[in-house]
Amino acid sequence: MSDKTEIPMTLTARITLHPSLHIADIDRRIYGSFIEQLGRAVYGGIYDPGHPTAGPDGFRQDVLDLVKAIDVPVVRYPGGNFVSGYNWEDGIGPREARPRRLDLAWRTIETNQVGVNEFAAWCRQAATAPMLAVNLGTAGVDSARRLVEYCNFPGGSYWSDLRKSHGAPDPHNVRLWCLGNEMDGPWQIGGKTAEEYGRLACETAKVMKWVDPTIELVACGSSGIRMPTFGAWEQTVLEHTYEHVDYVSLHTYYGNRDGHTLHFLALTLEMDQFIRTVAGICDLVQAKKHSQKQVNLSFDEWNVWFHSNAADQQIAPWSIAPPQLEDLYTMEDALVVGCMLITLLRHADRVKVACLAQLVNVIAPIMTVTGGGSWRQTIYYPYLHAAQFGRGAALNLNITSPVYDDTMFGPVPYLEAVATHDAASGTLVVFAVNRSLDQSLQLEGDARHFAGYHVVEHITLNHADLKAVNTLDSQPVAPRSGGDAALAPDGHLTASLPPASWNVIRLESLKK
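For the structure given in this document, a descriptive report is provided here.

Quick notes on the rules
Residues numbered from 1 in each chain as written. Predicted model: local features only at pLDDT ≥ 70, side-chain atom pairs only at ≥ 80, totals over all residues. Heavy atoms only, no water. Buried < 20%, exposed > 50% of the residue type's maximum accessible area, 1.4 Å probe, protein only. Helix = DSSP H or I, 4+ residues; strand = E, 2+ residues; numbered from the N terminus. Pairing = 2+ DSSP bridges. Contact = heavy atoms within 4.5 Å. Axes fitted to C-alpha atoms, helices over the stretch in contact; angles between N-to-C directions. Expected span 1.5 Å × (residues − 1). Patch = residues over 30% accessible without salt bridge, like charges linked within 9 Å, V, L, I, M, F, W, Y side chains within 5 Å. Areas by Shrake-Rupley, 256 points an atom, 1.4 Å probe, with all protein chains shown as cover. Salt bridge = Lys/Arg side-chain N within 4 Å of Asp/Glu carboxyl O.

## Concerning the pairing of strand β10 (residues 247-254)
Of all eight residues that make up β10, seven are buried, and the element is covered over most of its length. With two bridges joining them, strand β9 (residues 216-219) and β10 adopt parallel strand pairing. Opposite Val 218, over in β10, you have Tyr 247 as the bridge partner. Sheet analysis places β10 next to strand β11 (residues 296-304), joined by seven bridges and oriented parallel. Paired with Tyr 247 across the strands is Asn 296, a residue of β11.

## Observations regarding the sheet that holds strand β2 (residues 22-25)
Read across the sheet, seven strands follow the order β2-β15-β18-β19-β25-β21-β22 without closing on themselves; strand pairing throughout is antiparallel. Whereas interior strands pair on both sides, the edge strands pair on one side only; in this sheet they are β2 and β22 (480-481). For strand β15 (residues 393-395) and strand β18 (residues 415-422), the ladder comprises three bridges, and the chain directions are antiparallel. Counterpart to Ala 394 in the pairing with β18 is Thr 420. Helix-sheet contacts for helix α11 (residues 380-389) involve β18, β19 (427-434), β21 (453-461) and β25 (501-509), and the interaxial angle to β25 is about 15°.

## Side note on helix α5 (residues 194-211)
With 18 residues, α5 should reach 26 Å at 1.5 Å per residue; the first-to-last C-alpha distance of 25 Å fits that figure. For α5, the set of buried residues is Ala 194, Tyr 197, Gly 198, Leu 200, Ala 201, Cys 202, Thr 204, Ala 205, Val 207 and Met 208.

## Observations regarding a nonpolar patch on the surface
Judged by side-chain polarity, Leu 102, Leu 104 and Trp 318 come together as a nonpolar surface patch covering roughly 300 Å² of accessible area. Within the fold, Leu 104 resides in the loop between β5 (101-103) and β6 (108-110).

Here's what the structure looks like:
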(Lines give C-alpha, C1' and ligand atoms only; values in the text may rest on other atoms or scores of the structure.)
Protein backbone atom coordinates (compact mmCIF):
# COMPACT_ATOMS: atom_id res chain seq x y z
CA MET A 1 0.00 0.00 0.00
CA SER A 2 1.37 3.42 -0.89
CA ASP A 3 0.49 6.94 0.18
CA LYS A 4 1.27 8.19 -3.33
CA THR A 5 -1.84 8.30 -5.48
CA GLU A 6 -2.74 9.85 -8.81
CA ILE A 7 -4.59 13.08 -8.04
CA PRO A 8 -5.79 15.92 -10.23
CA MET A 9 -4.07 19.31 -10.15
CA THR A 10 -7.02 20.83 -8.29
CA LEU A 11 -9.18 19.11 -5.71
CA THR A 12 -12.67 20.50 -5.29
CA ALA A 13 -15.43 19.22 -3.03
CA ARG A 14 -19.00 20.45 -2.74
CA ILE A 15 -21.44 20.57 0.15
CA THR A 16 -25.01 21.70 0.67
CA LEU A 17 -26.02 23.54 3.84
CA HIS A 18 -29.77 23.31 4.39
CA PRO A 19 -31.88 23.08 7.58
CA SER A 20 -33.90 20.24 6.04
CA LEU A 21 -30.78 18.04 6.02
CA HIS A 22 -31.31 17.65 9.76
CA ILE A 23 -29.88 14.38 11.15
CA ALA A 24 -30.85 14.81 14.80
CA ASP A 25 -30.45 17.10 17.75
CA ILE A 26 -27.04 16.51 19.33
CA ASP A 27 -26.95 15.03 22.82
CA ARG A 28 -24.16 16.95 24.55
CA ARG A 29 -22.98 13.71 26.16
CA ILE A 30 -21.52 12.76 22.77
CA TYR A 31 -18.49 14.82 23.90
CA GLY A 32 -17.86 12.77 27.04
CA SER A 33 -14.55 11.32 28.17
CA PHE A 34 -13.13 8.63 30.44
CA ILE A 35 -10.95 8.33 33.54
CA GLU A 36 -9.85 4.82 34.53
CA GLN A 37 -7.92 3.75 37.62
CA LEU A 38 -5.03 3.03 35.27
CA GLY A 39 -1.49 4.35 34.98
CA ARG A 40 -1.27 8.06 35.79
CA ALA A 41 -4.83 8.97 34.82
CA VAL A 42 -5.81 9.44 38.46
CA TYR A 43 -2.58 9.45 40.47
CA GLY A 44 -0.37 12.16 39.01
CA GLY A 45 -3.12 13.12 36.56
CA ILE A 46 -6.24 14.51 38.18
CA TYR A 47 -5.03 13.78 41.75
CA ASP A 48 -1.58 14.93 42.84
CA PRO A 49 -1.64 16.17 46.46
CA GLY A 50 1.95 17.43 46.35
CA HIS A 51 1.43 19.51 43.22
CA PRO A 52 1.80 23.32 43.52
CA THR A 53 -1.69 23.85 42.09
CA ALA A 54 -3.40 21.13 44.15
CA GLY A 55 -6.23 22.16 46.47
CA PRO A 56 -6.80 20.68 49.92
CA ASP A 57 -8.52 17.69 48.27
CA GLY A 58 -5.43 16.92 46.17
CA PHE A 59 -6.88 17.77 42.75
CA ARG A 60 -4.63 19.56 40.25
CA GLN A 61 -6.06 22.93 39.32
CA ASP A 62 -4.04 23.12 36.09
CA VAL A 63 -5.68 19.91 34.90
CA LEU A 64 -9.11 21.09 36.00
CA ASP A 65 -8.63 24.26 33.95
CA LEU A 66 -7.77 22.26 30.81
CA VAL A 67 -10.79 19.97 31.33
CA LYS A 68 -13.19 22.85 31.96
CA ALA A 69 -11.99 24.58 28.80
CA ILE A 70 -13.32 21.63 26.80
CA ASP A 71 -16.64 21.68 28.68
CA VAL A 72 -16.71 17.88 29.05
CA PRO A 73 -20.32 16.89 29.81
CA VAL A 74 -19.75 13.42 31.30
CA VAL A 75 -16.77 11.31 32.40
CA ARG A 76 -16.86 7.51 32.59
CA TYR A 77 -15.21 5.92 35.67
CA PRO A 78 -13.47 3.76 37.08
CA GLY A 79 -13.04 1.52 34.02
CA GLY A 80 -12.41 0.02 31.68
CA ASN A 81 -10.80 -3.36 32.34
CA PHE A 82 -10.04 -2.23 35.89
CA VAL A 83 -13.69 -2.33 36.94
CA SER A 84 -14.10 -6.07 36.40
CA GLY A 85 -11.96 -6.82 39.44
CA TYR A 86 -12.83 -3.73 41.50
CA ASN A 87 -14.58 -3.67 44.87
CA TRP A 88 -15.93 -0.14 45.11
CA GLU A 89 -16.16 -0.43 48.91
CA ASP A 90 -12.33 -0.44 49.04
CA GLY A 91 -12.40 3.22 47.97
CA ILE A 92 -14.72 4.69 50.60
CA GLY A 93 -14.23 5.67 54.23
CA PRO A 94 -11.04 6.98 55.87
CA ARG A 95 -8.14 6.94 53.44
CA GLU A 96 -5.74 5.50 55.98
CA ALA A 97 -7.98 2.45 56.37
CA ARG A 98 -8.35 1.69 52.67
CA PRO A 99 -6.66 -1.50 51.47
CA ARG A 100 -4.05 -1.82 48.76
CA ARG A 101 -5.11 -4.35 46.13
CA LEU A 102 -3.55 -6.14 43.19
CA ASP A 103 -5.13 -4.83 40.01
CA LEU A 104 -4.99 -7.86 37.74
CA ALA A 105 -6.24 -5.93 34.70
CA TRP A 106 -3.13 -3.75 34.45
CA ARG A 107 -0.80 -5.61 36.88
CA THR A 108 -0.34 -2.70 39.26
CA ILE A 109 -1.02 -1.89 42.92
CA GLU A 110 -4.21 0.10 43.48
CA THR A 111 -3.95 2.24 46.63
CA ASN A 112 -7.65 3.24 46.66
CA GLN A 113 -6.78 6.79 47.72
CA VAL A 114 -9.35 7.96 45.17
CA GLY A 115 -12.76 6.33 45.14
CA VAL A 116 -16.34 7.15 44.26
CA ASN A 117 -16.73 10.12 46.64
CA GLU A 118 -13.49 11.71 45.56
CA PHE A 119 -14.33 11.21 41.90
CA ALA A 120 -17.79 12.74 42.37
CA ALA A 121 -16.16 15.73 44.10
CA TRP A 122 -13.70 16.09 41.20
CA CYS A 123 -16.59 16.01 38.71
CA ARG A 124 -18.28 18.87 40.52
CA GLN A 125 -15.09 20.94 40.30
CA ALA A 126 -14.64 20.02 36.64
CA ALA A 127 -18.27 20.99 35.86
CA THR A 128 -18.96 17.51 34.50
CA ALA A 129 -21.15 14.55 35.44
CA PRO A 130 -20.00 11.07 36.49
CA MET A 131 -20.81 8.00 34.39
CA LEU A 132 -20.12 5.03 36.66
CA ALA A 133 -19.41 1.43 35.67
CA VAL A 134 -20.34 -1.51 37.89
CA ASN A 135 -18.32 -4.70 38.25
CA LEU A 136 -19.95 -7.61 36.43
CA GLY A 137 -16.72 -9.61 36.28
CA THR A 138 -16.03 -10.68 39.85
CA ALA A 139 -19.12 -9.02 41.36
CA GLY A 140 -22.75 -8.70 40.29
CA VAL A 141 -26.27 -7.75 41.31
CA ASP A 142 -25.72 -7.12 45.00
CA SER A 143 -22.61 -4.98 44.61
CA ALA A 144 -24.28 -2.92 41.88
CA ARG A 145 -27.48 -2.21 43.77
CA ARG A 146 -25.50 -1.24 46.88
CA LEU A 147 -23.46 1.23 44.83
CA VAL A 148 -26.57 2.86 43.37
CA GLU A 149 -28.04 3.18 46.85
CA TYR A 150 -24.78 4.61 48.20
CA CYS A 151 -24.55 7.17 45.39
CA ASN A 152 -28.13 8.16 44.72
CA PHE A 153 -30.44 7.43 47.66
CA PRO A 154 -31.08 10.61 49.71
CA GLY A 155 -30.81 9.06 53.17
CA GLY A 156 -32.45 6.88 55.75
CA SER A 157 -31.01 3.59 54.48
CA TYR A 158 -27.81 1.76 55.41
CA TRP A 159 -25.75 2.61 52.32
CA SER A 160 -26.99 6.18 51.91
CA ASP A 161 -26.35 6.92 55.58
CA LEU A 162 -22.89 5.39 55.22
CA ARG A 163 -22.20 7.85 52.40
CA LYS A 164 -23.25 10.69 54.66
CA SER A 165 -20.92 9.45 57.39
CA HIS A 166 -18.12 9.56 54.80
CA GLY A 167 -18.58 13.30 54.31
CA ALA A 168 -20.97 13.32 51.35
CA PRO A 169 -24.30 14.48 52.80
CA ASP A 170 -26.00 14.98 49.45
CA PRO A 171 -26.55 12.19 46.93
CA HIS A 172 -24.27 12.18 43.90
CA ASN A 173 -27.28 11.66 41.58
CA VAL A 174 -25.36 9.58 39.05
CA ARG A 175 -27.68 9.26 36.06
CA LEU A 176 -25.64 7.14 33.64
CA TRP A 177 -24.31 3.65 34.46
CA CYS A 178 -22.38 0.98 32.55
CA LEU A 179 -23.27 -2.68 33.14
CA GLY A 180 -19.68 -3.92 33.20
CA ASN A 181 -16.98 -3.48 30.58
CA GLU A 182 -16.01 -5.49 27.47
CA MET A 183 -17.44 -8.68 28.92
CA ASP A 184 -16.87 -10.56 25.64
CA GLY A 185 -13.09 -10.12 25.90
CA PRO A 186 -10.87 -13.05 26.95
CA TRP A 187 -8.63 -10.43 28.58
CA GLN A 188 -11.48 -9.39 30.86
CA ILE A 189 -11.52 -10.55 34.48
CA GLY A 190 -14.64 -12.71 34.72
CA GLY A 191 -15.34 -12.58 30.98
CA LYS A 192 -18.57 -14.22 29.91
CA THR A 193 -20.47 -15.69 27.00
CA ALA A 194 -23.27 -13.60 25.57
CA GLU A 195 -25.85 -15.77 27.33
CA GLU A 196 -24.06 -15.53 30.68
CA TYR A 197 -23.59 -11.80 30.43
CA GLY A 198 -27.06 -11.15 29.04
CA ARG A 199 -28.75 -12.88 31.98
CA LEU A 200 -26.53 -11.17 34.56
CA ALA A 201 -26.92 -7.76 32.95
CA CYS A 202 -30.70 -8.17 32.83
CA GLU A 203 -31.00 -9.03 36.52
CA THR A 204 -28.52 -6.32 37.52
CA ALA A 205 -30.35 -3.71 35.46
CA LYS A 206 -33.70 -4.61 37.02
CA VAL A 207 -32.40 -4.22 40.56
CA MET A 208 -30.46 -1.02 39.87
CA LYS A 209 -33.57 0.60 38.42
CA TRP A 210 -35.64 -0.64 41.37
CA VAL A 211 -33.29 1.35 43.61
CA ASP A 212 -33.42 4.41 41.34
CA PRO A 213 -35.88 4.36 38.41
CA THR A 214 -34.42 7.57 36.96
CA ILE A 215 -31.04 6.11 35.95
CA GLU A 216 -29.99 5.17 32.41
CA LEU A 217 -28.10 1.95 31.71
CA VAL A 218 -25.54 0.90 29.09
CA ALA A 219 -25.22 -2.80 28.19
CA CYS A 220 -21.89 -4.08 26.90
CA GLY A 221 -21.73 -4.53 23.17
CA SER A 222 -18.80 -6.18 21.44
CA SER A 223 -15.35 -4.91 22.41
CA GLY A 224 -14.78 -4.18 18.72
CA ILE A 225 -16.09 -4.82 15.24
CA ARG A 226 -13.39 -7.45 14.66
CA MET A 227 -14.36 -9.66 17.59
CA PRO A 228 -15.33 -13.14 16.32
CA THR A 229 -18.68 -12.93 18.11
CA PHE A 230 -19.49 -9.41 16.89
CA GLY A 231 -23.13 -9.08 15.91
CA ALA A 232 -24.25 -12.34 17.47
CA TRP A 233 -23.09 -10.97 20.85
CA GLU A 234 -25.17 -7.79 20.52
CA GLN A 235 -28.27 -9.67 19.45
CA THR A 236 -28.11 -12.20 22.28
CA VAL A 237 -27.36 -9.59 24.94
CA LEU A 238 -30.16 -7.32 23.76
CA GLU A 239 -32.66 -10.17 23.61
CA HIS A 240 -32.07 -10.55 27.36
CA THR A 241 -31.78 -6.87 28.30
CA TYR A 242 -33.73 -4.86 25.73
CA GLU A 243 -36.54 -3.62 27.98
CA HIS A 244 -34.17 -2.83 30.85
CA VAL A 245 -31.35 -0.87 29.18
CA ASP A 246 -31.16 2.39 27.29
CA TYR A 247 -27.91 2.02 25.32
CA VAL A 248 -25.51 -0.58 24.01
CA SER A 249 -21.80 0.20 24.00
CA LEU A 250 -19.27 0.35 21.16
CA HIS A 251 -15.48 0.56 21.52
CA THR A 252 -12.82 1.14 18.89
CA TYR A 253 -9.20 2.27 18.65
CA TYR A 254 -7.09 2.96 15.58
CA GLY A 255 -3.37 3.17 14.91
CA ASN A 256 -0.95 3.72 12.03
CA ARG A 257 1.09 0.60 12.69
CA ASP A 258 2.26 0.07 9.10
CA GLY A 259 3.11 3.69 8.34
CA HIS A 260 0.46 4.21 5.62
CA THR A 261 -1.12 7.52 6.52
CA LEU A 262 -3.82 7.54 3.83
CA HIS A 263 -5.06 4.15 5.03
CA PHE A 264 -4.90 5.36 8.64
CA LEU A 265 -7.06 8.35 7.73
CA ALA A 266 -9.57 6.04 6.04
CA LEU A 267 -10.16 3.85 9.09
CA THR A 268 -13.11 5.92 10.24
CA LEU A 269 -15.09 4.38 7.38
CA GLU A 270 -15.00 1.22 9.51
CA MET A 271 -16.28 3.23 12.48
CA ASP A 272 -19.20 4.38 10.35
CA GLN A 273 -19.98 0.76 9.42
CA PHE A 274 -19.69 -0.30 13.07
CA ILE A 275 -22.31 2.25 14.14
CA ARG A 276 -24.69 1.38 11.33
CA THR A 277 -24.45 -2.34 12.05
CA VAL A 278 -25.05 -2.08 15.80
CA ALA A 279 -27.95 0.32 15.28
CA GLY A 280 -29.44 -2.22 12.86
CA ILE A 281 -29.11 -5.02 15.41
CA CYS A 282 -30.86 -2.87 18.02
CA ASP A 283 -33.71 -2.33 15.57
CA LEU A 284 -33.85 -6.04 14.74
CA VAL A 285 -34.32 -6.94 18.41
CA GLN A 286 -36.87 -4.15 18.80
CA ALA A 287 -38.87 -5.63 15.90
CA LYS A 288 -38.62 -9.18 17.25
CA LYS A 289 -39.92 -8.01 20.62
CA HIS A 290 -42.61 -5.77 19.09
CA SER A 291 -41.26 -3.05 21.39
CA GLN A 292 -42.12 0.63 21.26
CA LYS A 293 -38.75 1.45 22.81
CA GLN A 294 -35.61 2.40 20.86
CA VAL A 295 -32.24 1.43 22.30
CA ASN A 296 -29.52 3.90 21.29
CA LEU A 297 -25.73 3.75 21.25
CA SER A 298 -23.02 4.70 23.73
CA PHE A 299 -19.66 4.86 21.95
CA ASP A 300 -17.95 4.99 25.31
CA GLU A 301 -14.38 4.18 24.25
CA TRP A 302 -12.82 5.64 21.11
CA ASN A 303 -9.43 7.09 20.22
CA VAL A 304 -6.09 6.49 18.55
CA TRP A 305 -4.02 4.01 20.57
CA PHE A 306 -0.82 2.31 19.46
CA HIS A 307 2.24 4.46 20.20
CA SER A 308 2.79 3.16 23.73
CA ASN A 309 2.22 -0.56 23.11
CA ALA A 310 5.91 -1.53 23.04
CA ALA A 311 6.86 0.67 26.01
CA ASP A 312 4.06 -0.81 28.11
CA GLN A 313 5.56 -4.26 27.70
CA GLN A 314 8.69 -3.04 29.51
CA ILE A 315 6.93 -1.81 32.66
CA ALA A 316 7.64 -4.00 35.70
CA PRO A 317 4.48 -5.39 37.32
CA TRP A 318 3.01 -4.36 40.67
CA SER A 319 4.15 -0.75 40.77
CA ILE A 320 1.93 2.18 41.73
CA ALA A 321 0.70 4.51 38.96
CA PRO A 322 3.34 3.65 36.34
CA PRO A 323 3.37 5.56 33.02
CA GLN A 324 1.08 3.17 31.14
CA LEU A 325 -0.61 3.85 27.79
CA GLU A 326 1.06 7.26 27.47
CA ASP A 327 0.74 7.80 23.73
CA LEU A 328 2.36 10.99 22.44
CA TYR A 329 0.04 12.04 19.66
CA THR A 330 1.05 13.33 16.24
CA MET A 331 -0.55 15.72 13.80
CA GLU A 332 -1.92 12.79 11.77
CA ASP A 333 -3.47 11.35 14.95
CA ALA A 334 -5.33 14.65 15.41
CA LEU A 335 -6.77 14.26 11.90
CA VAL A 336 -8.07 10.78 12.71
CA VAL A 337 -9.59 12.04 15.96
CA GLY A 338 -11.24 14.80 13.95
CA CYS A 339 -12.65 12.25 11.50
CA MET A 340 -13.93 10.17 14.43
CA LEU A 341 -15.71 13.18 15.91
CA ILE A 342 -17.28 13.93 12.54
CA THR A 343 -18.44 10.30 12.30
CA LEU A 344 -20.06 10.47 15.73
CA LEU A 345 -21.87 13.68 14.82
CA ARG A 346 -23.11 12.19 11.54
CA HIS A 347 -24.78 9.50 13.65
CA ALA A 348 -26.29 11.84 16.23
CA ASP A 349 -29.64 10.17 15.62
CA ARG A 350 -28.39 6.99 17.36
CA VAL A 351 -25.15 7.87 19.18
CA LYS A 352 -26.29 9.74 22.27
CA VAL A 353 -23.26 9.16 24.50
CA ALA A 354 -19.57 8.90 23.55
CA CYS A 355 -16.37 8.94 25.58
CA LEU A 356 -12.95 9.87 24.25
CA ALA A 357 -10.69 7.35 25.99
CA GLN A 358 -9.13 8.72 28.00
CA LEU A 359 -8.83 12.26 29.42
CA VAL A 360 -5.52 12.67 31.27
CA ASN A 361 -2.13 10.95 30.64
CA VAL A 362 -3.57 7.59 29.55
CA ILE A 363 -4.13 7.80 25.73
CA ALA A 364 -5.26 11.31 26.47
CA PRO A 365 -5.58 14.84 25.10
CA ILE A 366 -4.10 16.23 28.35
CA MET A 367 -0.64 15.25 29.60
CA THR A 368 1.09 16.03 32.88
CA VAL A 369 4.36 15.62 34.67
CA THR A 370 3.64 14.28 38.15
CA GLY A 371 4.38 17.21 40.42
CA GLY A 372 5.16 19.36 37.37
CA GLY A 373 3.64 20.93 34.29
CA SER A 374 0.81 19.99 31.94
CA TRP A 375 0.13 20.46 28.23
CA ARG A 376 -2.32 19.94 25.41
CA GLN A 377 -1.65 17.08 23.01
CA THR A 378 -2.43 17.44 19.31
CA ILE A 379 -5.76 15.60 19.70
CA TYR A 380 -6.91 18.10 22.33
CA TYR A 381 -7.86 20.62 19.68
CA PRO A 382 -10.42 18.74 17.51
CA TYR A 383 -12.05 17.52 20.73
CA LEU A 384 -12.10 21.06 22.15
CA HIS A 385 -13.56 22.55 18.97
CA ALA A 386 -16.29 19.94 18.60
CA ALA A 387 -17.35 20.27 22.23
CA GLN A 388 -17.24 24.08 22.12
CA PHE A 389 -18.93 24.68 18.80
CA GLY A 390 -20.83 21.50 17.86
CA ARG A 391 -24.17 22.49 19.35
CA GLY A 392 -27.79 22.19 18.29
CA ALA A 393 -28.53 19.78 15.44
CA ALA A 394 -26.23 17.80 13.19
CA LEU A 395 -26.69 18.38 9.45
CA ASN A 396 -25.91 16.05 6.57
CA LEU A 397 -23.99 17.91 3.86
CA ASN A 398 -24.69 15.82 0.74
CA ILE A 399 -20.96 15.80 0.06
CA THR A 400 -19.49 15.43 -3.42
CA SER A 401 -15.75 14.83 -3.11
CA PRO A 402 -12.84 13.49 -5.14
CA VAL A 403 -11.57 10.18 -3.81
CA TYR A 404 -8.46 8.05 -3.48
CA ASP A 405 -8.25 4.25 -3.55
CA ASP A 406 -7.64 2.15 -0.46
CA THR A 407 -7.08 -1.61 -0.52
CA MET A 408 -9.54 -2.19 2.35
CA PHE A 409 -12.23 0.41 1.73
CA GLY A 410 -12.03 1.12 -2.02
CA PRO A 411 -12.79 4.78 -2.84
CA VAL A 412 -12.20 7.10 0.13
CA PRO A 413 -13.36 10.75 -0.06
CA TYR A 414 -10.70 13.37 0.52
CA LEU A 415 -13.32 15.44 2.34
CA GLU A 416 -14.72 14.25 5.66
CA ALA A 417 -17.23 16.77 6.99
CA VAL A 418 -20.39 17.48 8.95
CA ALA A 419 -22.19 20.65 10.04
CA THR A 420 -24.05 21.67 13.16
CA HIS A 421 -26.79 24.29 13.38
CA ASP A 422 -28.01 25.87 16.61
CA ALA A 423 -31.08 27.86 15.65
CA ALA A 424 -31.47 29.30 19.15
CA SER A 425 -28.06 30.97 19.08
CA GLY A 426 -27.96 31.58 15.34
CA THR A 427 -24.77 29.61 14.78
CA LEU A 428 -23.77 27.31 11.94
CA VAL A 429 -20.49 25.37 12.05
CA VAL A 430 -18.77 23.20 9.45
CA PHE A 431 -16.22 20.67 10.70
CA ALA A 432 -14.02 19.35 7.89
CA VAL A 433 -10.89 17.24 7.40
CA ASN A 434 -8.90 17.30 4.17
CA ARG A 435 -7.35 13.82 3.86
CA SER A 436 -5.06 14.79 0.99
CA LEU A 437 -1.48 14.79 2.20
CA ASP A 438 -0.10 17.22 -0.37
CA GLN A 439 -2.90 19.29 -1.91
CA SER A 440 -5.32 21.89 -0.66
CA LEU A 441 -8.97 21.05 -1.10
CA GLN A 442 -11.23 23.77 -2.45
CA LEU A 443 -14.56 23.66 -0.63
CA GLU A 444 -17.61 24.99 -2.46
CA GLY A 445 -20.83 25.23 -0.48
CA ASP A 446 -24.43 26.12 -1.22
CA ALA A 447 -25.63 28.04 1.85
CA ARG A 448 -28.47 29.99 0.23
CA HIS A 449 -30.93 28.74 2.85
CA PHE A 450 -28.94 30.40 5.61
CA ALA A 451 -29.60 33.95 4.47
CA GLY A 452 -28.22 36.60 6.79
CA TYR A 453 -25.30 34.48 8.03
CA HIS A 454 -21.66 35.47 7.75
CA VAL A 455 -18.32 33.78 8.44
CA VAL A 456 -16.90 34.81 11.81
CA GLU A 457 -13.92 32.47 11.93
CA HIS A 458 -12.12 29.77 9.97
CA ILE A 459 -9.87 27.75 12.30
CA THR A 460 -7.24 25.42 10.85
CA LEU A 461 -5.05 22.80 12.49
CA ASN A 462 -2.22 21.48 10.33
CA HIS A 463 1.57 21.06 10.31
CA ALA A 464 4.09 20.34 7.58
CA ASP A 465 5.36 17.35 9.57
CA LEU A 466 2.55 14.84 10.12
CA LYS A 467 4.65 13.18 12.83
CA ALA A 468 4.98 16.41 14.84
CA VAL A 469 4.03 16.08 18.51
CA ASN A 470 3.47 18.50 21.38
CA THR A 471 5.56 18.23 24.54
CA LEU A 472 5.79 20.10 27.81
CA ASP A 473 8.51 22.32 26.36
CA SER A 474 7.23 22.73 22.81
CA GLN A 475 3.74 22.78 21.29
CA PRO A 476 4.25 23.17 17.54
CA VAL A 477 0.82 21.74 16.67
CA ALA A 478 -1.78 24.34 17.57
CA PRO A 479 -4.85 25.79 15.84
CA ARG A 480 -4.76 29.08 13.99
CA SER A 481 -7.53 31.46 13.11
CA GLY A 482 -7.42 33.30 9.81
CA GLY A 483 -8.44 30.68 7.25
CA ASP A 484 -9.94 32.05 4.03
CA ALA A 485 -13.55 30.83 4.32
CA ALA A 486 -16.00 33.37 2.91
CA LEU A 487 -19.74 33.55 2.31
CA ALA A 488 -20.88 35.63 -0.65
CA PRO A 489 -24.19 37.57 -0.62
CA ASP A 490 -25.70 34.97 -2.94
CA GLY A 491 -25.05 32.21 -0.37
CA HIS A 492 -21.97 30.74 -2.04
CA LEU A 493 -19.55 29.46 0.63
CA THR A 494 -15.90 28.99 -0.32
CA ALA A 495 -12.88 27.84 1.66
CA SER A 496 -9.45 26.45 0.98
CA LEU A 497 -8.66 23.52 3.26
CA PRO A 498 -4.88 23.05 3.60
CA PRO A 499 -3.35 19.62 3.00
CA ALA A 500 -3.86 17.17 5.88
CA SER A 501 -5.86 19.65 7.94
CA TRP A 502 -8.66 19.90 10.48
CA ASN A 503 -10.93 22.88 9.82
CA VAL A 504 -13.69 24.64 11.76
CA ILE A 505 -15.72 27.19 9.79
CA ARG A 506 -17.96 29.20 12.11
CA LEU A 507 -20.87 31.23 10.79
CA GLU A 508 -23.34 33.38 12.68
CA SER A 509 -26.60 35.06 11.86
CA LEU A 510 -26.46 38.84 11.59
CA LYS A 511 -29.74 38.85 13.52
CA LYS A 512 -28.08 37.51 16.70
